[in-house]
Amino acid sequence: MAESARGITPGFLVLFGPPGSGKGTQAAILAERLGVPAISTGDILRAAVAAGTPLGQRVAAVLAAGALVDDGLMQEVVDERLRAPDTARGAILDGFPRTVAQAEGLETMLRRLDGEVRAAVLISVPTEELVRRALLRGRGDDEESVIRERLRVYEEKTAPVAEFYRQRGLLARVDGHRRVEQVTDAIVAVLEEAVAPRAAT
Ligand code: AMP
């Protein structure tokens, strides 16, 4: 990917972490700072449900149960979104990939777009804090049993995504149990490190 006039091209940054880790908040702040879009698959799906589109009708029950939408369908949704012209310099991916199959699919999609994942940041927060935050947030799918199901699904399906990126040397862990600005600064530091031209010594 070429360097843009604004400096280093951020490329694609994957943000993941358990539900309630603050990845949505961080994605929005980082998108603003870096001048690239934040792509939240949760937001895309919730908007589809609210609008009653065919996609929304297909996924409504899955979201309500705190389960994961199937990989093939998610791939279609993200593939379409990534083809929009605003992703030319990269994007912040919030909530995708959430399974190893999705992470593999993303590699293929980005190869076609001549892009790449520059870093995958795992935002970690202790479980009791996640449950507390989720209950405070009080979103439609935030009933306590659904919260616990989403945490269970995260451990089973999404935690292995960390290993996928670790093997590629792209994984960074950031402590998410801090003030929002401190978490943002830590993620920016990771990204700067990832995109900095390596000194040729
Ligand atoms: P989020 O806002 O990222 O927590 O996503 C809300 C819900 O949307 C999740 O609990 C899943 O049901 C669904 N969802 C979002 N992103 C994905 C994904 N990448 N794969 C499967 N399901 C997803």
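For the structure, see preceding data.
Residues numbered from 1 in each chain as written. Predicted model: local features only at pLDDT ≥ 70, side-chain atom pairs only at ≥ 80, totals over all residues. Heavy atoms only, no water.

What follows concerns the overall build of the protein chain. A tally of regular secondary structure across the protein chain gives eight helices and five strands. Against the compact-globule benchmark of 17 Å for 201 residues, the protein chain has a radius of gyration of 17 Å, which places it among compact chains. Seen through its C-alpha atoms, the protein chain measures out along the principal axes to roughly 55 × 35 × 30 Å. Going through the 201 residues of the protein chain one by one, you find that 46% of them count as buried. Just so you have it, the protein chain exposes about 10200 Å², and 53% of that area is on carbon and sulfur atoms. The positive charge centre, built from 26 side chains, and the negative charge centre, built from 29, are 1 Å apart in the protein chain. (Helix = DSSP H or I, 4+ residues; strand = E, 2+ residues; numbered from the N terminus. Rg over C-alpha atoms; globule rule 2.2 N^0.38 Å. Buried < 20%, exposed > 50% of the residue type's maximum accessible area, 1.4 Å probe, protein only. Areas by Shrake-Rupley, 256 points an atom, 1.4 Å probe, with all protein chains shown as cover. Lys, Arg positive; Asp, Glu negative; His and termini not counted. Charge placed at Lys NZ, Arg CZ, Asp CG, Glu CD.)

Turning our attention to the sheet that holds strand S2 (residues 38-40). Pairing is parallel in the open sheet, where five strands are placed in the order S2-S3-S1-S4-S5. Strands at the two margins of the open sheet, each flanked by one partner only, are S2 and strand S5 (171-175). Each strand of the sheet is rotated relative to its neighbour by a mean of 25°, with strand direction disregarded. By the bridge criterion, three bridges tie S2 to strand S3 (residues 90-94) in an arrangement that is parallel. From the neighbouring strand, Ala38 faces S3, where its bridge partner is Ile92. Where helix H2 (residues 41-51) meets the sheet, its contacts fall on S2 and S3, and the angle it forms with S2 comes to roughly 55°. Across the sheet, helix H8 (residues 180-195) lies against strand S1 (11-16), strand S4 (117-124) and S5, angled at about 155° from S4, the strand it touches most. (Pairing = 2+ DSSP bridges. Axes fitted to C-alpha atoms, helices over the stretch in contact; angles between N-to-C directions. Contact = heavy atoms within 4.5 Å.)

This part covers the nonpolar core. Across soluble globular proteins, nonpolar side chains have a tendency to be buried as a group. Grouped together as the largest cluster of nonpolar side chains are 27 residues, with contacts concentrated most on Val14, Phe16, Val69, Leu82, Leu106 and Tyr165. Broken down by secondary-structure element, the contributors of at least two residues to this core are S1, helix H3 (54-65), helix H4 (71-82), S3, helix H5 (100-112), S4 and helix H7 (144-167). Counting residues per element, this core draws most heavily on H7, which supplies five residues. Ignoring any residue separated from it by four or fewer positions in sequence, one finds Leu82 in contact with Phe12, Ile39, Thr87, Leu93, Leu106, Met109, Leu110 and Leu113. Ala119, Ile123, Leu191 and Val195 belong to the second-largest nonpolar core, a separate cluster that totals 20 residues. (Core = buried A, V, L, I, M, F, W, Y, C linked by side-chain atoms within 4.5 Å.)

Successive residues of a regular strand alternate their side chains across the two faces of the sheet. With seven of eight residues buried, S4 lies mostly within the body of the structure. Sheet topology places S4 next to S5; five bridges connect them, and they run parallel. What sits directly across from Ala120, in S5, is Leu171.

What follows concerns H8. Counted at 1.5 Å a residue, the expected span for H8 with its 16 residues is 22 Å, and the 23 Å between its end C-alpha atoms agrees. Listing the buried residues of H8 in full gives Val183, Thr184, Ala186, Ile187, Val188, Val190, Leu191 and Val195. Tucked into the core, H8 has its buried residues touching S1, helix H1 (23-34), S4 and S5. (Expected span 1.5 Å × (residues − 1).)

The subject of this paragraph is the packing of aromatic side chains. Using the criterion set out here, one finds one aromatic pair in the structure. Plain terms: the ring middles of Phe164 and Tyr165 are 5.0 Å apart, the flat faces sit at 85° to each other, and that makes the pair edge-to-face. (Phe/Tyr/Trp six-rings, centres within 6.5 Å; stacked < 30°, edge-to-face > 60°.)

Take the site of the ligand next. Within the structure, the ligand sits among 15 residues, and Thr41, Ala67, Gly95, Gln102 and Arg150 are positioned closest to it. Contact distances for the ligand include 3.0 Å between an oxygen atom and a side-chain N or O atom of Arg46. Contact with the protein chains covers 97% of the free accessible surface of the ligand, which is 480 Å². Per-element tally for the shell around the ligand: the top contributor is H2, with four residues. (Near = heavy atom within 4 Å. Polar contact = N/O pair within 3.5 Å; in protein donor to acceptor, adjacent residues only side chain to side chain.)

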